[in-house]
Amino acid sequence: MSVRINLPLFDGNAACAETDPDAFFPEKGGATRAAKRICSGCEIRDACLQWSLDNREPGGMWGGVSENQRRALLRERGRRAA
Ligand code: SF4
């Protein structure tokens, strides 16, 4: 069964649009490989990651980047802005 992920800005170009959303929202410590593989071939990957950073998305995989990795990117972004 495929489930459509409701992405706020992306009109039909998301590689994950008809995939299992559970892959993008794993349990803490869960596998992220499947989501990263899908994201790696997504044509809107950069926009997706930027959107998640701009909106401080707290969970899930966005642009092939995990929550922990996004927190690190945001910290780095904050340091550069200071
Ligand atoms: S980069 Fe990944 S999470 Fe973002 S739209 Fe593409 S497949 Fe979905």
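Predicted, not measured: the structure shown is a model, and the values here were computed from it.

> I'd like to hear about the site of the ligand, residue by residue, with values.
The ligand sits among 16 residues. The nearest are Ala-14, Cys-16, Cys-39, Cys-42 and Cys-48. Only helix H1 (33-40) and helix H2 (45-54) provide two or more residues apiece to the shell around the ligand. Taken together, the residues of the shell around the ligand break down into 13 nonpolar, two polar and one charged.

> I'd love a proper account of H2, names of residues and values included.
If you check which residues of H2 are buried, you get Cys-48, Leu-49 and Ser-52. End-on, the buried residues of H2 take up no more than an arc of 95 degrees, which puts them together on one face. Those residues of H2 that are exposed and angled more than 90 degrees off the buried face are Asp-46 and Asp-54. In the core, the buried residues of H2 are packed alongside helix H3 (67-81).

Calculation notes
- Residues numbered from 1 in each chain as written.
- Predicted model: local features only at pLDDT ≥ 70, side-chain atom pairs only at ≥ 80, totals over all residues.
- Near = placed C-beta within 6 Å.
- Helix = DSSP H or I, 4+ residues; strand = E, 2+ residues; numbered from the N terminus.
- Nonpolar A, V, L, I, M, F, W, Y, C, P; charged D, E, K, R; others polar.
- Buried ≥ 20, exposed ≤ 12 C-beta atoms within 10 Å, placed from the backbone.
- Arc of directions from axis to C-beta.
- Contact = placed C-beta atoms within 7 Å.

In short, shape yes, function no, at least from these values alone.
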